[in-house]
Amino acid sequence: MTSSPVVARPPLRSVPGPVAAPALRPVALAVAMLGTLLAMIDFFIVNVALPTLAVDLDASGAALELVVSGYATAYAVLLVVGGRLGDAFGRRRLFVLGMAAFTATSLLCGLAPTAATLVAARVLQGAAAALMVPQTLSTIQATGDPASRARAIGWFGATGGIAAVVGQVLGGVLVDADLAGSQWRPIFLVNVPIGLAGLWLARTRLPETRSPRPARPDVAGTVLLAAAVVAVLLPLTEGRAAGWPLWSVLLLASAPLWIGAFVVTERVLEGRGRTPLLPPSILRHRSMRRGLALAAPFFAGFGAFMFVYALLVQGALGWSPTLAGLALTPMAGTFLAASLVMPRAVARWGRSVVTGGAAVQLVGLVGLGLTIATVWPRVGVLELAPWLAVAGFGQGLVMPSLIRIVLSDVPVASAGVGSGVLTTTQQVSLAVGVAGLGSLFLTLAGPGGTGVLRAVLTILAVQALVALAIVIGSRGLPGRS
């Protein structure tokens with residue numbers, strides 16, 4: 001449902017010695033994948049629990065948006081930093097540190113007494129994920145031969161579909177089970193025993209690798225990027241809910257200043273021979289420049305869809321969390337199937353896979369909108385399932401193939417920089433999509449708005465326009481990956 005994070009650096013040698021370490025054994029590979037899977041599941045699993053969170057913690061719509069976007073923002077801003085720390089101090093060491101922090105912050109999330117406490121814990125959880133996830137792909141690249149790395153990366157790429165299925169279904173089952181009256185809390189607490197087991201396995205089974213020439217973290221760039229994202233997210237969530245007070249308007253107006261300062265800082269660092277967080281020179285490559293212009297709205301729309309879906313089916317339609325999770329399995333299943341056939345498809349048809357996938361997604365979104373408008377308010381699982389499956393198949397073609405093509409013009413020596421830029425763009429877009437389109441939905445569906453039906457049709461229409469723009473814009477991508 002969402003692409004696996006790609007935070008690769010160029011193939012690096014393990015330490016010590018000039019030759020890559022032996023290929024990861026199956027158990028070691030599974031442990032490395034576990035970190036990525038946990039981080040991705042936590043994006044999906046929380047969506048199913050949003051309506052229950054709203055009731056139990058008396059959380060506003062703005063707070064619910066921050067529960068989702070706060071995690072994605074911390075994850076996005078610190079992702080590249082986490083990868084560079086692993087290069088410098090050892091990837092197994094940072095993986096273990098990140099998993100320990102993820103386990104601890106999951107416990108904090110599960111025990112949160114208020115909505116504000118949960119939002120803070122989710123931000124910390126996103127930061128922990130940013131320490132843990134980059135080490136997976138870096139460890140794969142630093143071990144084994146090309147064939148074993150290709151197989152491992154194939155499994156890495158499939159974690160998106162697996163996380164979507166597991167997250168939605170598991171989240172619904174755990175919330176509905178209401179274990180000992182705990183309601184939504186087990187969706188976070190379940191990470192604790194899994195994380196403890198992963199910690200022990202990582203310490204005993206993962207090899208230690210690091211880069212012989214690690215780049216220093218870009219502290220100034222990281223702070224400025226965080227300030228820019230917060231200047232957009234807070235006004236769109238809390239400002240909207242408070243009726244747009246002066247502070248929210250001023251904060252939103254400051255966003256271009258933070259962005260400008262970030263761009264200037266990155267150019268200066270690169271000019272001095274340093275490696276900035278997001279090097280401006282990477283945009284000289286046509287595939288990166290045009291690909292990011294398509295990827296940003298695509299991921300923003302996806303984040304908004306997952307947020308709005310949960311509020312629609314559980315809030316307006318009254319579905320149970322389990323039913324809401326199970327209803328998304330056609331979408332997750334076709335996404336996984338499409339992502340598995342994508343490598344051969346891109347090798348044969350190149351950018352046309354993105355064009356065709358976006359067209360298929362467009363058909364699914366239009367079908368969803370027409371179905372909901374026709375049968376409203378008696379919308380059932382069977383009515384939505386075919387169109388969710390179509391949309392999911394289109395997403396499964398677009399997301400991984402877009403990632404692959406975006407990096408196609410980037411030299412091997414800059415592969416890590418390019419993938420870091422792409423992944424940061426992905427996560428920031430998810431957060432902004434939830435804040436922006438999520439706020440639009442809540443405004444239209446709330447008192448004085450146009451109603452829930454028109455609100456959800458508006459969000460689907462925006463996503464359909466994005467899909468159409470990708471159909472058109474993808475023709476400007478490089479022809480081959």
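Up top is the structure these notes are about.
The rules we used
- Residues numbered from 1 in each chain as written.
- Predicted model: local features only at pLDDT ≥ 70, side-chain atom pairs only at ≥ 80, totals over all residues.
- Heavy atoms only, no water.
- Helix = DSSP H or I, 4+ residues; strand = E, 2+ residues; numbered from the N terminus.
- Buried < 20%, exposed > 50% of the residue type's maximum accessible area, 1.4 Å probe, protein only.
- Contact = heavy atoms within 4.5 Å.
- Areas by Shrake-Rupley, 256 points an atom, 1.4 Å probe, with all protein chains shown as cover.
- Polar contact = N/O pair within 3.5 Å; in protein donor to acceptor, adjacent residues only side chain to side chain.
- Phe/Tyr/Trp six-rings, centres within 6.5 Å; stacked < 30°, edge-to-face > 60°.
- Axes fitted to C-alpha atoms, helices over the stretch in contact; angles between N-to-C directions.
- Parallel < 35°, antiparallel > 145°, perpendicular 65-115°, else oblique.
- Left-handed = near helix turned anticlockwise from the far one by under 90°.
- Nonpolar A, V, L, I, M, F, W, Y, C, P; charged D, E, K, R; others polar.
- 1 Å grid on protein atoms, 1.4 Å probe; cavity = no way out; pocket = protein on both sides within 12 Å on 5 of 7 lines; lining within 4 Å.
- Points joined across faces, edges and corners; volume = space filled by probe spheres on them.
- Expected span 1.5 Å × (residues − 1).
- Bend = angle between axes of the 7 residues up to and from the residue.
- Core = buried A, V, L, I, M, F, W, Y, C linked by side-chain atoms within 4.5 Å.
- Salt bridge = Lys/Arg side-chain N within 4 Å of Asp/Glu carboxyl O.

**Q** A description of the overall build of the protein chain should follow, citing residues and the corresponding values.
**A** Looking only at helices and strands, the protein chain features 17 helices and zero strands. Counting only residues that meet the buried cut, the protein chain has 56% of its 481 residues in that class. Restricting the contact set of the protein chain to residue pairs at least 6 apart, pairs at least 24 apart contribute 85%. Surface summary for the protein chain: the accessible area is close to 18300 Å², and the carbon and sulfur share equals 70%.

**Q** So, the environment of Thr355: which residues are in play, and what are the values?
**A** Relative to the elements of secondary structure, Thr355 occurs in helix α14 (residues 352-375). Thr355 gets classed as buried once you look at its relative accessible area, which sits at 13%. Setting aside residues up to four positions removed in sequence, Thr355 forms contacts with Val471, Ser474 and Arg475. A distance of 3.0 Å separates polar atoms of two side chains, one belonging to Thr355 and the other to Arg475.

**Q** Lay out the packing of aromatic side chains in plain terms, naming residues and giving numbers.
**A** To describe a pair of aromatic rings, you give the distance between the ring centres and the angle between the ring planes. Applying the stated criterion across every chain, the model contains four aromatic pairs. Centre to centre, the rings of Tyr71 and Tyr75 are 6.1 Å apart; their planes meet at 55°, and the pair counts as tilted. Taken together, the residues Tyr71 and Tyr75, both in helix α2 (residues 61-89) and four residues apart, mark about one turn of the helix. Taking the relative accessible area as the measure of exposure, Tyr75 reaches 3% and is therefore buried. Seen in terms of ring centroids, Trp184 and Phe188 are 6.1 Å apart; in terms of plane orientation they differ by 80°. Their pairing is edge-to-face. On the basis of relative accessibility, which here comes to 0%, the residue Phe188 falls in the buried class.

**Q** Got a sec to walk through the packing of helix α1 (residues 26-56) against helix α4 (residues 115-132)? Specific residues and values, please.
**A** It is at 9 Å that the axes of α1 and α4 come closest, and there the two elements cross at 160°. By the angle between their directions, the pair α1 and α4 is classed as roughly antiparallel. By crossing handedness, the relation of α1 to α4 is classed as left-handed. Where α1 approaches α4, its residues Gly35, Ala39, Asp42, Val46 and Leu53 are matched on the opposing element by Leu118, Arg122, Gln125, Ala129 and Met132. Split by residue class, the contact of α1 with α4 holds six nonpolar, two polar and two charged.

**Q** So, the side chain of Thr424: which residues are in play, and what are the values?
**A** Tracing the backbone shows Thr424 in helix α16 (residues 415-445). The exposure class of Thr424 is buried, given its relative accessible area of 2%. Ignoring sequence-local partners within four residues, the contact set of Thr424 consists of Ala76, Val80, Leu225 and Leu278.

**Q** Let's hear about empty space enclosed by the protein: which residues, and what values?
**A** Evaluated as defined, the whole model comprises four cavities of 30 Å³ or more. In this structure, the largest cavity encloses a volume near 120 Å³. Of all the secondary structure elements, the ones that give two or more residues to the lining of the largest cavity are α11 (286-316), α14, α15 (381-406) and α17 (452-473). In terms of residue class, the lining of the largest cavity is built from eleven nonpolar, one polar and no charged.

**Q** Requested: an account of α11, with residues and values cited.
**A** The end-to-end C-alpha distance of α11, which contains 31 residues, comes to 44 Å, matching closely the 45 Å that a straight helix rising 1.5 Å per residue would cover. At Leu292, α11 shows its maximal bend, which comes to roughly 25°. Along α11, 23 of the 31 residues are buried, which leaves the element largely enclosed by surrounding structure. Positioned one or two residues after α11, Gly318 has a phi angle of 75°, which is positive.

**Q** Which residues make up the nonpolar core, and what values go with them?
**A** The nonpolar side chains of soluble globular proteins are, as a tendency, buried together. Among the nonpolar cores identified, the biggest contains 110 residues, and Leu118 and Phe307 are the most heavily contacted of them. When residues in this core are grouped by element, the largest group, 17 residues, is from α11. Excluding anything up to four places from it in sequence, Leu118 contacts Leu53, Leu57, Val67, Cys109, Ala112, Trp184 and Phe188.

**Q** Please give an account of unusual backbone geometry that cites residues and values.
**A** What you tend to see is this: most non-glycine residues have negative phi, and most peptide bonds are trans. Each neighbour pair has its own omega, and for Trp376 with Pro377 the value is 0°, a cis peptide bond. Among the structural elements, Pro377 can be located in the loop between α14 and α15. Despite not being glycine, Ala180 shows a phi value in the positive range, around 55°. On the basis of relative accessible area, Ala180 is assigned to the exposed category, the value being 88%.

**Q** Now, about the pattern of salt bridges: what can you tell me, with residues and values included?
**A** Scanning all chains against the criterion turns up four salt bridges. With a shortest N-O distance of 3.9 Å, Asp56 and Arg185 are connected by a salt bridge. Taken as a pair, Asp56 in helix α1 and Arg185 in the loop between α6 (146-177) and α7 (186-189) lie far apart in primary sequence, 129 residues in all. Between Arg240 and Glu65 there is a salt bridge, with its nearest N and O atoms 3.8 Å apart.

**Q** Quick one: what's the story with the side chain of Thr105, residue by residue and with numbers?
**A** By the secondary structure assignment, Thr105 is in helix α3 (residues 91-111). Within the structure, the side chain of Thr105 is placed 3.1 Å from the backbone oxygen of Phe102, a separation counted as a polar contact. When sequence neighbours within four positions are dropped, the list of residues in contact with Thr105 reads Ala121, Leu124, Gln125 and Ala128.

That is the geometry; function is a separate question.
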